[in-house]
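Survey of secondary and tertiary structure
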Amino acid sequence: MELLTNQNIRTMKLLKYIITLIVFMAIGVGCQKEEELTQPNDFKGVKWVLSDIEQTRERNISINDYISFVDFSIEPLSHEWKIQEEGTVFLKSKFSIEAEDYSKFIDKELGTKNTNYKANVLFTKPGIHQVKLINTFDRFVKNVFNTPAVFSVEKNGSWLYEDTFKIDVYQDIKPQAAIVYNEVETDLSTISISDESTWPTIEVEAGEPVTFKDISIGRPTKSIWELTGASPSTVQEKEAIVSFAEIESFSGFKLKIERDLTGLLEVSDSIMVPAKINVITPTKPLAINTAINIDASSIIEFGLNGKIENENFTATIANFTVSLNNSAKGVHRDMVIAAAKLSKEGTGIVLELGEPIYADDVITISYNPGADESIITDVYGRTLKAFSNLSTVKKTLSYSNEVFSFENPSAWTIPNKSKFFVGFEETDLGQSLRFESNDVGGGKGKTFSAISDKILSEFDVPGTEFPVYKVSFKIKLEKNSLGEDTTIKSVNLKLGKLTVEFDDVFGLSTGEWHTISWVNDKAFPVLSSTTGFTFEILKKSSSNDALFFVDDVNIEWLDRP
């Protein structure tokens, strides 16, 4: 396992210990014994605290790890923590947090109920497990300190308060693979990777689809395939659907898995896929074997079940027709094809249009080889036959709403914190990006910025030369510390190498959300998992003393005007 080392584990346990101390000391618990816990006297009702920064009822945890639950209810008639019979056990009140194995601290005298106010719960099996807090009172009580609020209900002459925690327990990751061909699945999880003589050989026809499936343990969040001889040769999907064009035997396939989830240590692991692919001469006719994909870049692309060898493929432009139909806008015509070429592997056709495609357009494609049917021929001598008005599939824009709506603060980097405050705050839109400066003395202004460099594989926006994208965000100006209106002259949004200046934020009213937008009037770059994403308020573009919020960035593929 590449990232999960003993040092990582020790570091995480030390971090958990420090977090536990910070959380419990902040609420006045510290290292007191169970019976010495004192109740806070600043509230009337129910309040609980967990041994983690995340004070939520639903959270993730690694298998064989624990959570401490503390109940601060005021004068309950009865109190208990309740766990399930399978996969959860109570630990003793005192144990070593740095221990390699927590199982030796299991409190065998406790079953599924614990009447102490602090309960240490160890999770020993994967899946979702429930921990319940069940109290009774002689009066109505409520918990408004933990979100969402929970209220007691009257039952059998007393007031019953129940709170449920759902803990999703994750196994250690272990990469495993399977291969599917002609609806037959070959499970490779029990095959010895080190003994190549035991690897199965799967015979496939050239150009026919083969599926490599990630059947790994531990619910990884990312799969990366490196498939020698396949088209495509690199795939970042749980299932990689590929084909092989060369008559040859292939092996040495690799699968790398990663898991990056809130509350869990980031881990990765990889294996050599223990299988061989033997490619044989195809028996089926040459045909399209994928969806015909289009996107906002005005590119149409589809795959074939054979490898094409054509030194002058551009000449085939005249044999393709791309038809546009947009009934709502009354547009029905053929589109301009600017270029025709083969994909990198030679197993697909790419048509570049000389005009924009809009989100509400309906596009079909036809092919007529005319008298020379051999104009598109694969390496096995098969020719592509004529087809008419085949439907296309639009590739939607993909980006992380969690990042773009600022609901995941850990995805953002805040530089130069000492000069001003950029952070996150709960607003009526959820988590929002908050900018504040109390510099009232100089007139130099400040440069506010927030950078996201962790958009991961969810960021996939095609580049385009055409004005088909609208980029927007919401901004709310507030009164500054002097009671004056915050003023901003411009906001810069950096998407990779593209910088968009929004100058229509000047003069906005305070206290309400405004939506600011821009339609690309210049080339829009490809945005991918490696693209930086930055909000920036330039020096001298805002009042020195300022307070404002930003939220809900959106990139929209526009309908035809």
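Structural notes, computed from the coordinates. (Residues numbered from 1 in each chain as written. Predicted model: local features only at pLDDT ≥ 70, side-chain atom pairs only at ≥ 80, totals over all residues. Heavy atoms only, no water.)

1. Examining the overall build of the protein
Helix and strand counts for the protein come out as two helices and 43 strands. Across the 561 residues that make up the protein, the buried fraction comes to 47%. Contacts in the protein between residues at least 24 apart in sequence constitute 73% of all its contacts with a sequence separation of at least 6. (Helix = DSSP H or I, 4+ residues; strand = E, 2+ residues; numbered from the N terminus. Buried < 20%, exposed > 50% of the residue type's maximum accessible area, 1.4 Å probe, protein only. Contact = heavy atoms within 4.5 Å.)

2. Looking at the packing of aromatic side chains
Per the stated rule, a full pass over the model turns up 20 aromatic pairs. Here the aromatic rings of Phe 69 and Trp 81 are separated by 5.4 Å at their centres, their planes lie at 50°, and the arrangement is tilted. A residue pair is termed long-range when its members are at least 10 positions apart, and Phe 69 in strand β3 (residues 65-71) and Trp 81 in strand β4 (residues 78-83) qualify at twelve residues. No difference in accessibility class separates Phe 69 from Trp 81, as the two residues are buried. For the pair Phe 140 and Trp 159, a centre-to-centre distance of 5.6 Å together with 80° between the ring planes defines the contact as edge-to-face. On the criterion of sequence distance, the pair formed by Phe 140 in the loop between β8 (127-137) and β9 (142-143) and Trp 159 in strand β12 (residues 158-170) is long-range, its members being 19 residues apart. Accessibility expressed as a relative area gives 43% for Phe 140, which makes it partly exposed. Every member of this aromatic cluster is reached through a ring pair, and the members are Phe 212, Trp 225, Phe 244, Phe 250 and Phe 253. Between the NZ or CZ atom of Arg 219 and the centre of the ring of Tyr 170, over which it lies, the distance is 3.6 Å. (Phe/Tyr/Trp six-rings, centres within 6.5 Å; stacked < 30°, edge-to-face > 60°. Lys NZ or Arg CZ within 6 Å of the ring centre and 35° of its normal.)

3. Topic: the pairing of strand β24 (residues 276-280)
Here β24 shows a clear split, with Ile 277 and Val 279 buried on one side and none of Lys 276, Asn 278 and Ile 280 buried on the other. Note that strand β15 (residues 201-205) and β24 share five bridges and pair parallel. Pairing of Glu 205 across the sheet is with Ile 280, part of β24. Across two bridges, strand β21 (residues 249-250) lies against β24 in antiparallel orientation. Looking at β24, one finds that Ser 249 is bridged to Asn 278. (Pairing = 2+ DSSP bridges.)

4. Points about the sheet that holds β24
What the three strands build is an open sheet, ordered β15-β24-β21; its pairing is mixed. Of all strands in the sheet, those with a lone pairing partner are β15 and β21, marking the two edges.

5. Side note on the side chain of Asp 168
Residue position: Asp 168 is located in strand β12. Asp 168 sits in the buried class, given a relative accessible area of 13%. Other than its neighbours up to four places away in sequence, Asp 168 contacts Arg 59, Asn 60, Ile 61, Gly 127, Ile 128 and Arg 219.

6. Side note on the pattern of salt bridges
For the structure on display, the rule yields 22 salt bridges. Where Glu 556 meets Lys 470, a salt bridge forms, and the shortest distance between an N and an O atom there is 3.8 Å. Of the two residues, Glu 556 sits in strand β43 (residues 545-557) while Lys 470 sits in strand β38 (residues 469-477), which places them 86 residues apart along the sequence. You can call Glu 556 partly exposed: its relative accessible area is 33%. On the basis of relative accessibility, which here comes to 27%, the residue Lys 470 falls in the partly exposed class. The shortest N-O distance in the salt bridge between Lys 476 and Glu 478 comes to 3.7 Å. Judged by relative accessible area, Glu 478 falls into the partly exposed class, the value being 21%. (Salt bridge = Lys/Arg side-chain N within 4 Å of Asp/Glu carboxyl O.)

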